[in-house]
Amino acid sequence: MAQEAAAVIPARLAPRVDEHELIRAVQRGDQNAFEALVRSYDQNVLGMAFNLLRCEEDARDVYQEAFLRVYRHIHSFRFDCSFHTWLYRIVTNLCLDCLRKRKIRKEEPAVVETAEGPLDRTYSVEEERAAADPERNLCNAQLAGRIHLALAALTPRERTVFELRHYQGLRLKAIGEMLNTSEEAAKNCLFRATQKMRTVLGDFS
Amino acid sequence: MNCTEVLDALALYLYGELPPRAEEEVEAHLHGCPACRDALDAQQRLHHAFDRARAVPRPDLVAECRGELFRRTAARPGWRQRLARAWDLTRVRWVLRPAGALALVAVGFLSARLPLRDSGLLRAPAEPPVATVRWVEPDPSGGVRIALDETRRRVIRGSLEDRLIEKLLLEAARDQANAGLRVESIDLLKDRSGNDDVRQALLQAATHDRNPGVRLKALEGLKGMASHPEVRAALPGILERDDNENVRILAIDMLVQNRDEQIVGLLQGLVGQEENSYVRMRVRSVLEEMKASVGTF
């Protein structure tokens, strides 16, 4: 099954010779190689965790736990799937666990209602860039707030599939393998997610 | 396909996840149905809105996370690492095993009581070098010989205007062993594509780097120079050969910024061969706006 997953990963994610050497060096206990391997992937891992969880603390925790698991279990990595698939399976499962725990705890939402409509409290990066244009900043935050509400209407699984397909650009077959399910189930999940969000957001202009 | 079926299929169509046959049916229907084309436009606007609402961590968060992670892993190697290192030691040629083991015990004994830095074996006036033991062997005189690979780390600070900083960043942008380093270097250089050396480095990365993240970052850096002849000359090759859809999406957006007649042939060719729905639709709409036929005959 893992080999099938590797087969559907686009060429950009195919294992590369230099990466194989790097992983073998990590398996021999080379700390510098581990740091180089982390640097190759960690911006994307952190970006995905932050966009999916929209909480800095949770994204930090996922980052630490994901790479610590890589560090602890790299010796069991046998190159029967790409390192990218292996790493993202770890990250995806950690994010899913976090989303599920949140649903149970019903934590404070990242979106707050204001007189101008819902605002996304995590919307910080664009704020800096748009600081010179407060009106545009407000519009962006409102847009982010509406979309955040739409995303919050999804189940953890739907949210994760949407993240992996829309933001990470992974094919549904690979997503199915990552989540230990079929391509068809991932497709249905994505379909339900987009339908729900269209219902929440209505026509968007 | 009727309108209901097409509307249900649009989400997967936009992600390029429909089987080829269904995709053709959707396109045939869209061609003759303005209402479904409107629905498609609405879904595309929704996609763009999702892209704009992407939450991005603050820039220094990744450095903080790395710092914490590297402190944790350097301080306490996992038991598998320790086991693996021990296993590696058993691969020493059997004739050297007893001597090697003795030597290692001696090294361990000494290193536990006499840190290398303080012993004078390593001379590190300012900053201790990172050392990796390559081999150990008993010395004929009764001592031990140890080969160390040393790397000394130095931190340099300076402005992007500084020629040395720029040169180092250009070097780092070409470091084939470390894709993360290339991404970060190009990210820092990307606002300087007006500079010839930087533009050449970005072009090289956008067209030849093996890592799609690096290619995408380099192409983003060239966005402001989309009308520069060298950049325009590189875009058709990227559209034809790059296997990453995000790179191709950015390339088509850059190419159609300047709509001259020379791109019509390329765009017509792309309609037939491009597998990404967004790129295909973008090409079609540009051709229609340029009053050119969508296909070649």
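These figures come from a predicted structure and were not determined experimentally.

### Concerning the overall build of chain A
Helices and strands together make up the secondary structure of chain A, namely 10 helices and 2 strands. Traced from its N-terminal end to its C-terminal end, chain A shows the element sequence α-α-α-α-α-β-β-α-α-α-α-α. Burial status across chain A gives 58% buried among its 205 residues. For chain A, the computed accessible surface area is about 9000 Å², with 49% contributed by carbon and sulfur atoms.

### Topic: the interface of chain B and chain A
Each partner contributes to the interface: chain B provides 56 residues, whereas chain A provides 62 residues. Summed over both sides, the interface of chain B with chain A buries roughly 5600 Å², with 55% coming from carbon and sulfur. If you sort the residues of chain B by the area they bury against chain A, Tyr15, Glu17 and Phe50 of chain B come out on top, with a joint share of 12%. Counting every contact that joins chain B to chain A gives 7 salt bridges. Put simply, glutamate 17 of chain B and arginine 171 of chain A hold a salt bridge, and the shortest N to O gap is 3.8 Å. When contributions to the side of chain B that touches chain A are tallied by element, the ones reaching two or more residues are helix H1 (3–14), helix H3 (34–52), helix H4 (61–75), helix H5 (79–89) and helix H9 (179–189) of chain B.

### Topic: a nonpolar patch on the surface
All names here are of chain B. Taken together, Val133, Val144, Ile146 and Leu148 make up a surface patch of nonpolar side chains, about 290 Å² in accessible area. In terms of residue count, the dominant contributor to the nonpolar patch is strand S2 (residues 144–151) (3 residues). Of note, valine 133 is situated in strand S1 (residues 130–138). Residue classification places valine 133 among the partly exposed residues on the basis of a relative accessible area of 49%.

### Details of the packing of H1 of chain B against helix H2 (residues 20–32) of chain B
Residue and element names in this part refer to chain B. Relative orientation of the contacting elements H1 and H2 amounts to 120°, with a least axis distance of 10 Å. Between H1 and H2, the crossing angle belongs to the class labelled oblique. As H1 packs across H2, the resulting crossing turns out to be left-handed. Mapping the contact onto sequence places Cys3, Val6, Ala9, Leu10 and Tyr13 in H1 and Glu23, Val26, Glu27, His29 and Leu30 in H2. Counted by class, the contact of H1 with H2 contains 7 nonpolar, 1 polar and 2 charged residues.

### Describing the pattern of salt bridges
Two side chains with opposite charge may pair up if their charged atoms get near one another. Residues and elements named next belong to chain A. Under the criterion given, the structure shown has 34 salt bridges over all chains. With its nearest N and O atoms 3.3 Å apart, the salt bridge here joins arginine 72 to glutamate 65. Assessed through its relative accessible area of 34%, arginine 72 is described here as partly exposed. Here glutamate 158 and lysine 196 are joined by a salt bridge, their closest N and O atoms 2.8 Å apart. Of this pair, glutamate 158 sits in helix H8 (residues 156–167) while lysine 196 sits in helix H10 (residues 183–201); the two residues are 38 residues apart in sequence, bridging distant segments of the chain. Owing to a relative accessible area of 29%, lysine 196 belongs among the partly exposed residues under this scheme.

### With respect to unusual backbone geometry
Residue and element names in this part refer to chain A. With phi around 50°, arginine 54 is a residue other than glycine that occupies positive phi space. Mapped onto the elements of the fold, arginine 54 is located in the loop between helix H3 (31–53) and helix H4 (56–73). Taking the relative accessible area as the measure of exposure, arginine 54 reaches 4% and is therefore buried. Backbone geometry at asparagine 180 places phi at a positive 55°, although glycine is not the residue there. For asparagine 180, the location among the structural elements is in the loop between helix H9 (172–178) and H10.

### Notes on the packing of aromatic side chains
Residue and element names in this part refer to chain A. Within the structure shown, the criterion is met by 10 aromatic pairs over all chains. Ring geometry for phenylalanine 83 versus tryptophan 86: centroids 5.9 Å apart, planes at 50°, classification tilted. With phenylalanine 83 and tryptophan 86 both in helix H5 (residues 83–105) and 3 residues apart, the pair spans about one turn of that helix. Judged by relative accessible area, which is 2%, phenylalanine 83 ranks as buried. The class for tryptophan 86 is buried, based on a relative accessible area of 15%. Members of the aromatic cluster, each reached through a chain of ring pairs, are Tyr41, Phe77, Phe79, Phe83 and Trp86. One Lys or Arg, arginine 24, reaches over the ring of phenylalanine 79 and ends 4.7 Å from the middle of that ring.

### Looking at H2 of chain B
Here H2 of chain B is 13 residues long and its end C-alpha atoms lie 19 Å apart, about the 18 Å a rise of 1.5 Å per residue gives. Looking at the buried residues of H2 of chain B, the elements they touch are H1, H3 and helix H15 (277–289) of chain B.

### Quick look at the nonpolar core
Phe83, Leu87 and Phe162 of chain A together with Phe50 of chain B are the most contacted members of the largest nonpolar core, which has 85 residues in total. Each of two domains, domain 1 (3–51) and domain 2 (58–85) of chain B, supplies a minimum of three residues to this core. Discounting residues that sit within four places of it in the chain, phenylalanine 162 of chain A has contacts with Leu151, Tyr167, Leu190, Ala193 and Met197 of chain A together with Tyr15 and Phe50 of chain B. Judged by nonpolar contacts, the second largest core, of 44 residues, contains Ala205, Met225, Ile238 and Ile252 of chain B.

### As for the confidence of the model for chain A
Residues and elements named next belong to chain A. With 71% of its residues at a pLDDT of 70 or more, chain A shows a mean pLDDT of 77. Model confidence for chain A, summarised as mean pLDDT per element, is weakest for helix H1 (residues 2–8) at 39 and strongest for H4 at 94. Between residues 121–132, whose pLDDT stays under 50, and residues either more than four places distant or in other chains, the model counts 19 contacts.

### Details of the packing of helix H10 (residues 196–208) of chain B against helix H11 (residues 212–222) of chain B
Residues and elements named next belong to chain B. Interaxial distance between H10 and H11 falls to 8 Å at its minimum, and their mutual angle equals 140°. Regarding the angle of H10 to H11, the classification is oblique. For the pair H10 and H11, the sense of crossing is left-handed. When H10 is examined against H11, the residues Arg199, Leu202, Leu203, Ala205 and Ala206 are found in contact with a partner set consisting of Val214, Arg215, Ala218, Leu219, Gly221 and Leu222. A class-by-class count of the residues in the contact of H10 with H11 yields 8 nonpolar, 1 polar and 2 charged.

### As for the environment of glutamate 245 of chain B
Topologically, glutamate 245 of chain B is positioned in helix H13 (residues 245–255). Here the alpha-carbon distance between glutamate 245 of chain B and serine 277 of chain B, two residues 32 residues apart in the chain, equals 9.8 Å. Discounting residues that sit within four places of it in the chain, glutamate 245 of chain B has contacts with Arg165, Gly169 and Arg171 of chain A together with Asn276 of chain B.

Parameters and conventions
- Residues numbered from 1 in each chain as written.
- Chains lettered and ligands numbered in written order.
- Predicted model: local features only at pLDDT ≥ 70, side-chain atom pairs only at ≥ 80, totals over all residues.
- Heavy atoms only, no water.
- Helix = DSSP H or I, 4+ residues; strand = E, 2+ residues; numbered from the N terminus.
- Buried < 20%, exposed > 50% of the residue type's maximum accessible area, 1.4 Å probe, protein only.
- Areas by Shrake-Rupley, 256 points an atom, 1.4 Å probe, with all protein chains shown as cover.
- Contact = heavy atoms within 4.5 Å.
- Buried area = accessible area lost by both parts, 1.4 Å probe.
- Salt bridge = Lys/Arg side-chain N within 4 Å of Asp/Glu carboxyl O.
- Patch = residues over 30% accessible without salt bridge, like charges linked within 9 Å, V, L, I, M, F, W, Y side chains within 5 Å.
- Axes fitted to C-alpha atoms, helices over the stretch in contact; angles between N-to-C directions.
- Parallel < 35°, antiparallel > 145°, perpendicular 65-115°, else oblique.
- Left-handed = near helix turned anticlockwise from the far one by under 90°.
- Nonpolar A, V, L, I, M, F, W, Y, C, P; charged D, E, K, R; others polar.
- Phe/Tyr/Trp six-rings, centres within 6.5 Å; stacked < 30°, edge-to-face > 60°.
- Lys NZ or Arg CZ within 6 Å of the ring centre and 35° of its normal.
- Expected span 1.5 Å × (residues − 1).
- Core = buried A, V, L, I, M, F, W, Y, C linked by side-chain atoms within 4.5 Å.
- Domains from an automatic or database assignment.
- pLDDT = per-residue confidence, 0-100.

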